[in-house]
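# Analysis of the macromolecular model
These are the residues of each chain, in order.
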Amino acid sequence: MPRLMGIDIPDNKRIEIALRYIHGIGPTRAAFILEQTKIDPGKRANTLTADEIRAIIAVIQANFHVEGDLRREVSQNIRRLVSIGSYRGMRHRKGLPVRGQRTRTNARTRKGAKHTVGAVRDKAERNALKNAAK
Amino acid sequence: MPRSLKKGPYVEESLLAKVEKMNQSARKQPIKTWSRRSMITPEFVGLTFSIHNGKTFLPIFITENMVGHRLGEFAPTRTFKKHGATTDKATK
């Protein structure tokens, strides 16, 4: 099985698909890489020659940040936003949507699974909670 | 869609004039501004701005990392009072 960019071992799929298993490579970049290296997109990943693998790695390293580097870059960008005290940084810190989406409903990707708050029905219980909070 | 590069960053004219004046004078006082939409340019670094948040002016010291952001991003306009059935709105 071919090893690309460290730990990524795409299986016996077409390489145009297998390349997308690398973090930071999607359809556009996969097509670009194969065009640069002149490899047939339909070729199976496990039939690649050592030369072809080397060529793919060369193109990726020359053009893109992938895997660990990319993840580090992204988290650094977020850390910058947080450290300068910007609105976007604050939204990241709170785990809420960053780009102005609504939060009255939806926003479940950022907020995680629903947790119901709900009112306390019993009046005595409610007063007890209120006094405990004071 | 981002702003056209041809135009350059947007900074309120009057604010830019104040920044230049402040950079020439030795003592640095906070610059009071309502112009939250003005972009922070490299000349702003090292100055303190009192940015209006709709109610009060928040003093914000500008560092190098903030260049390219807008002043308003550093002065939040909303205050979040916590959720929950246990907080009785009427008593607060």
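Located above this text is the structure these notes cover.
Calculation criteria
Residues numbered from 1 in each chain as written. Chains lettered and ligands numbered in written order. Predicted model: local features only at pLDDT ≥ 70, side-chain atom pairs only at ≥ 80, totals over all residues. Heavy atoms only, no water. Helix = DSSP H or I, 4+ residues; strand = E, 2+ residues; numbered from the N terminus. Buried < 20%, exposed > 50% of the residue type's maximum accessible area, 1.4 Å probe, protein only. Contact = heavy atoms within 4.5 Å. Areas by Shrake-Rupley, 256 points an atom, 1.4 Å probe, with all protein chains shown as cover. Pairing = 2+ DSSP bridges. Axes fitted to C-alpha atoms, helices over the stretch in contact; angles between N-to-C directions. Phe/Tyr/Trp six-rings, centres within 6.5 Å; stacked < 30°, edge-to-face > 60°. Lys NZ or Arg CZ within 6 Å of the ring centre and 35° of its normal. Salt bridge = Lys/Arg side-chain N within 4 Å of Asp/Glu carboxyl O. Polar contact = N/O pair within 3.5 Å; in protein donor to acceptor, adjacent residues only side chain to side chain.

## Focus: the overall build of chain B
Across its full length, chain B carries one helix and three strands. By the burial criterion, 28% of the 92 residues in chain B qualify as buried. The contacts of chain B with a sequence gap of at least 6 include a subset with a gap of at least 24, amounting to 44%. With the model as given, the accessible surface of chain B reaches about 6700 Å², and the carbon-plus-sulfur share is 56%.

## Quick look at the environment of R70 of chain B
Residues and elements named next belong to chain B. Within the secondary structure, R70 is located in the segment after strand 3 (57–61). On the accessibility criterion, R70 (28% relative accessible area) is partly exposed. Distance in space between the C-alpha atoms of R70 and V11 is 9.2 Å, their sequence separation being 59 residues. The residues contacting R70, other than those within four sequence positions of it, are Y10, R36, R37, S38, M39 and I40.

## With respect to the sheet that holds strand 2 (residues 48–52) of chain B
Residues and elements named next belong to chain B. Pairing in this open sheet of three strands is mixed, and the strands run 1-2-3 from one edge to the other. A strand with exactly one partner marks an edge of an open sheet, and here the two such strands are strand 1 (31–33) and strand 3. Pairwise comparison of adjacent strand axes, ignoring direction, gives a mean angle of 25° for this sheet. Packing against the sheet, helix 1 (residues 13–24) makes contact with strand 1 and strand 2, and its axis sits at approximately 175° to strand 1.

## Re the packing of aromatic side chains
All names here are of chain B. Scanning the entire structure with this criterion turns up three aromatic pairs over all chains. Ring centres 4.9 Å apart and planes at 90° place the aromatic pair W34 and F57 in the edge-to-face group. Of this pair, W34 sits in the loop between strand 1 and strand 2 while F57 sits in strand 3; the two residues are 23 residues apart in sequence, bridging distant segments of the chain. For W34, a relative accessible area of 57% translates into the label exposed. Residue classification places F57 among the partly exposed residues on the basis of a relative accessible area of 24%. The side chain of K32 reaches across the aromatic face of F57, ending 4.6 Å from its centre.

## Describing the pairing of strand 3 of chain B
Every regular strand shows the same layout, with side chains that alternate between the two sheet faces. Residues and elements named next belong to chain B. Pairing of strand 2 with strand 3 involves five bridges; the strand directions are antiparallel. Its bridge partner being in strand 3, T48 is matched across the sheet by F61. If you look at the hairpin formed by strand 2 and strand 3, you'll find four residues sitting between the two strands, and G54 has a positive phi there, around 105°.

## Digging into the pattern of salt bridges
Residues and elements named next belong to chain A. Under the defined criterion, the tally for this structure stands at six salt bridges over all chains. Between R14 and E16 there is a salt bridge whose closest N-O contact spans 2.7 Å. Where K43 meets E52, a salt bridge forms, and the shortest distance between an N and an O atom there is 2.7 Å. A relative accessible area of 19% means that E52 is categorised as buried.

## Points about the environment of T47 of chain A
Residues and elements named next belong to chain A. Note on placement: T47 falls in the loop between helix 2 (27–37) and helix 3 (50–63). Residue classification places T47 among the partly exposed positions, given a relative accessible area of 42%. Residues T47 and V117, 70 residues apart in the sequence, show an inter-C-alpha distance of 56 Å. Engagement of the side chain of T47 in a polar contact is seen with the backbone oxygen of R44, the distance being 2.7 Å.

Purely geometric numbers; function is a separate question.
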